2 protein chains.
Amino acid sequence: MRISELSARSGVSVASIKYYLREGLLEAGVRTAANQASYGEHHVRRLRLVRSLLDIGGLSIAHVAATLAAVDDDTTSTHGAFEAVMRGLGEPADSDPGYSNPGDSDGETAGDAYTEVREWLADLGWHISPNAPAARRLTELILTLRRFDFPVTPGSFDTAARAAESTAFAEVAYARAMPDRTAAVETMLVGTVVIEQALVEVRRLALEAASARLEEEP
Amino acid sequence: MRISELSARSGVSVASIKYYLREGLLEAGVRTAANQASYGEHHVRRLRLVRSLLDIGGLSIAHVAATLAAVDDDTTSTHGAFEAVMRGLGEPADSDPGYSNPGDSDGETAGDAYTEVREWLADLGWHISPNAPAARRLTELILTLRRFDFPVTPGSFDTAARAAESTAFAEVAYARAMPDRTAAVETMLVGTVVIEQALVEVRRLALEAASARLEEEP
């Protein structure tokens, strides 16, 4: 198909498609004339993926490029690519030099809390790479909640972890059943970013419903 | 306390504190001399809240200012303030004129899917404000998943909704037990933004663990 049809099919403007081509987010089409190229179904799919990462995942263009490079690196296994994608997703968007995370008032260090999180993961029987950013970020979030006097430990997330575990198996199995490795990793990536945001919205709706009910019957 | 101590206690640089004061994210301290002001515990708490919204919630400065205005508007009930906060959180960070969300190949409109979501919420018995952005966003996310051929309906989130419901009641009840209305809404806001991100990280860890296990035993 031509770039105009690719635009119509994907909902992405021609100007944005050209920008993504320049930034390496999208593979070039097959050249058919001096000023024309032809695009296939995988371009439509890739454009939707790029838009999901930008709009729903909130990633920067550079970040999307790095994440897609991990998807496209055929030298790694499906799981290796997924691990690399998760590392990419977990990197902080931008750090603020005007802010340093203070320890809490009891002088608890991030190191202690990180050890708690790693032990909790081991108890769950989860095999998590030593440099997984999600474990570091969960630690930071637990410390933040404690600074606001929420009585939180990794064990507070036991129920959530067991619920996530059963749906995670179904999701990953669904993705791995895709016809090829790229489609499998793409599907895992979309599932991660889009489904997690959907669950965030479900949770916000639950909080609003709970707040409404508790306002009526305090 | 002086601004230097406020900085040490909150982990926010003096330059950033002065910036937040100018932008109205932080109430002015009590002036004690021509060039000096005194700050209290509520300034420490408010600074932590501002940093959580910026760093964890990913909100813009203008967005944080609008959200805090809803927290500080004493003319609304606790639930009214929380509803306003949720509306603030749900507003899109920035819209991209180069992108229009296309309908899927069956010509399904966002309106049909939105009706499905509202009916699902009614079946759950959840009282959700008619302009709640979370319901619109959940609709968009379901449409995105369908475009990637995920077989998803609102009912796919039944289990997640029931799990979220029971923890939401506990969280909102905890927040409403705070000594004053501002503390209650602040706590609901922190709980929303920080706990939802913690649950996202737990889910990512579950996916990585599932991916590792399925790689070993396909």
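In short, a report on the structure. All figures in this text were calculated on a predicted structure; none of them were measured in a lab.

1. So, the interface of chain B and chain A
Contacts between the two partners involve 85 residues from chain B and, on the opposite side, 85 residues from chain A. Around 8,000 Å² of area is buried between chain B and chain A when both sides are counted, 68% of it from carbon and sulfur atoms. Our enumeration of links across chain B and chain A arrives at 8 salt bridges. A salt bridge links Glu171(B) to Arg203(A), with the shortest nitrogen-to-oxygen separation between them at 2.8 Å. For the pair chain B and chain A, the interface holds 24 residue pairs in polar contact (both at pLDDT 80 or more). For the side of chain B that touches chain A, a count of residues per class yields 45 nonpolar, 20 polar and 20 charged.

2. A few points about the packing of helix H4 (residues 61-72) of chain A against helix H5 (residues 78-90) of chain A
Residue and element names in this part refer to chain A. At a closest axis distance of 8 Å, the pairing of H4 and H5 adopts a crossing angle of 170°. By the angle class used here, H4 and H5 are roughly antiparallel. Listed contacts from H5 to His63, Thr67, Ala70 and Val71 of H4 are Ala81, Ala84, Val85, Gly88 and Leu89. Considering only residue class, the contact of H4 with H5 consists of 6 nonpolar, 3 polar and no charged.

3. Points about the relation of the copies chain B and chain A
Relative to chain A, chain B is turned by 180° and slid 0.0 Å along the rotation axis, the superposed coordinates differing by an RMSD of 0.0 Å. What the superposition gives is, in effect, a two-fold axis relating one chain to the other. Using C-alpha coordinates, one finds that chain B approaches the rotation axis most closely at Val200(B), a distance of 3.9 Å. In this assembly, 100% of the residues forming the interface of chain B have copies in chain A that are likewise at the interface, indicating an isologous arrangement.

4. Describing H4(A)
Across its 12 residues, H4(A) extends 16 Å between first and last C-alpha, which sits within 8% of the 16 Å expected from 1.5 Å per residue. On the buried face of H4(A), the contacting elements are helix H3 (41-56), H5 and helix H9 (181-216) of chain A.

5. A few points about the side chain of Thr78(B)
Residue position: Thr78(B) is located in helix H5 (residues 78-90). Taking relative accessible area as the criterion, Thr78(B) reaches 16% and is therefore assigned buried. What Thr78(B) contacts, discounting residues up to four positions off in sequence, is Glu215(A), Arg176(B), Arg181(B), Ala184(B), Val185(B) and Met188(B).

6. A look at the nonpolar core
Counting residues in each nonpolar core, the largest one holds 127 residues, and the members touching the most others are Trp126(A) and Trp126(B). Excluding anything up to four places from it in sequence, Trp126(B) contacts Val202(A), Leu205(A), Ala206(A), Ala209(A), Leu121(B), Ala161(B), Arg162(B) and Glu165(B).

7. Examining the packing of helix H1 (residues 3-10) of chain A against H3(A)
Helix packing geometry: the angle between the two helix axes and the distance between the axes. Residue and element names in this part refer to chain A. Here H1 crosses H3 at 45°, and the two axes come no closer than 10 Å. Taken together, the axis directions place H1 and H3 in an arrangement best described as oblique. Handedness of the H1/H3 crossing: right-handed. Contacts between H1 and H3 involve Leu6, Arg9 and Ser10 from the former and Glu41, His43, Val44, Leu47 and Arg48 from the latter. Here the residues of the contact of H1 with H3 are counted per class, giving 3 nonpolar, 2 polar and 3 charged.

Rules used in this analysis
Residues numbered from 1 in each chain as written. Chains lettered and ligands numbered in written order. Predicted model: local features only at pLDDT ≥ 70, side-chain atom pairs only at ≥ 80, totals over all residues. Heavy atoms only, no water. Contact = heavy atoms within 4.5 Å. Buried area = accessible area lost by both parts, 1.4 Å probe. Salt bridge = Lys/Arg side-chain N within 4 Å of Asp/Glu carboxyl O. Polar contact = N/O pair within 3.5 Å; in protein donor to acceptor, adjacent residues only side chain to side chain. Nonpolar A, V, L, I, M, F, W, Y, C, P; charged D, E, K, R; others polar. Axes fitted to C-alpha atoms, helices over the stretch in contact; angles between N-to-C directions. Helix = DSSP H or I, 4+ residues; strand = E, 2+ residues; numbered from the N terminus. Parallel < 35°, antiparallel > 145°, perpendicular 65-115°, else oblique. Least-squares fit on C-alpha atoms with pLDDT ≥ 70 in both. Expected span 1.5 Å × (residues − 1). Buried < 20%, exposed > 50% of the residue type's maximum accessible area, 1.4 Å probe, protein only. Core = buried A, V, L, I, M, F, W, Y, C linked by side-chain atoms within 4.5 Å. Left-handed = near helix turned anticlockwise from the far one by under 90°.

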